[in-house]
Amino acid sequence: MTIEREAGCACGKLRIACRGEPIRISICHCLACQRRTGSVFGMQARFLKNNVRHIAGDSTLYVRAGDSGGTVSFHFCPNCGSTVYWELSGVPDVYAVAVGAFADPSFPAPRVSVYETRRHDWVDLTGLPAIERLG
Ligand SMILES: [Zn+2]
Ligand SMILES: [Zn+2]
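Predicted, not measured: the structure shown is a model, and the values here were computed from it. (Residues numbered from 1 in each chain as written. Chains lettered and ligands numbered in written order. Predicted model: local features only at pLDDT ≥ 70, side-chain atom pairs only at ≥ 80, totals over all residues. Heavy atoms only, no water.)

**Here's the deal with the sheet that holds strand β5 (residues 52-56)**
Here is the rule we go by: Two strands make a pair as long as DSSP finds a minimum of two bridges between them. In this text, helices come from DSSP runs of H or I with a minimum length of four residues, and strands from runs of E with a minimum of two, each type numbered from the N-terminal end. Fitted lines through C-alpha atoms give the axes, limited to the stretch in contact for helices. The angle between two N-to-C directions lies from 0 to 180 degrees.
On the basis of which strands lie adjacent, the open sheet formed by 3 strands has the order β1-β2-β5 and antiparallel pairing. Of all the strands in the sheet, just β1 (4-8) and β5 have a single pairing partner and so form its edges. Each adjacent strand pair in this sheet contributes to an overall mean axis angle of 10 degrees, direction not counted. Looking at chain direction, β1 and strand β2 (residues 15-19) are connected through 5 bridges and run antiparallel. Bridge pairing in β2 places Arg 5 opposite Cys 18.

**Quick look at the pairing of β2**
On a regular strand, one side chain projects to one face of the sheet and the next to the other, so that they alternate. In this antiparallel pair of consecutive strands, β1 and β2, the connection spans 6 residues, and Gly 12 shows a positive phi of 90 degrees. Summarising the sheet, β2 and β5 pair through 4 bridges and their orientation is antiparallel. Residue pairing across strands places Arg 15 opposite Ala 56, the latter belonging to β5.

**Some words on the coordination of the zinc ion (ligand 2)**
Quick reminder of the rule: Counted as donors are N, O and S atoms no farther than 2.8 Å from the metal, or 3.2 Å for Na, K and Ca; water is not among the atoms, and sites may therefore look incomplete. We call a residue buried when its accessible area falls under 20% of the maximum for its residue type, exposed when it is over 50%, and partly exposed in between, using a 1.4 Å probe and counting protein chains only.
The coordination sphere of the zinc ion (ligand 2) contains the protein donors Cys 28 (SG), Cys 30 (SG) and Cys 33 (SG), at a distance range of 2.1 to 2.3 Å. Sequence positions of the residues that donate to the zinc ion (ligand 2) give the spacing C-x1-C-x2-C. For Cys 33, a relative accessible area of 6% puts it in the buried group.

**Some details on the sheet that holds strand β10 (residues 112-114)**
The strand order across the open sheet formed by 8 strands is β6-β7-β8-β9-β4-β3-β10-β11, and the pairing between neighbours is mixed. Looking along the sheet, the strands with just one partner apiece sit at the ends: β6 (60-65) and β11 (132-133). The sheet contact formed by strand β4 (residues 42-48) and strand β9 (residues 91-98) spans 5 bridges and is antiparallel. The partner of Leu 48 across the bridge, within β9, is Val 94.

And the structure:
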């Protein structure tokens, strides 16, 4: 049986249900992710759009320029403000989903860490297996 996980915003109105395992799980220390989340890094999982069973609820779009010239389109809940998922113009076949929105402490650990130059000193990833550090 294929696992299905549902991510949701703080108020529960905006939800995305994803089947199977994500194709990439990463954390990002960039300043834009810090501002977006209010935390010191963002964590996201990419799912193929084909594996997204449904998206429920209205979302408002925030589009910003990505680092490699494309755009990142964030879908956030107009009621509570949580960003739940986003689209990357350079990788059009995936949705990136905010891992915290799954509210699932058993969600798999990240395998990629990007924008390491912006990482807060105390954030220590040495316990993570096979993490790839970029930037
Ligand atoms: Zn909400
Ligand atoms: Zn980032």
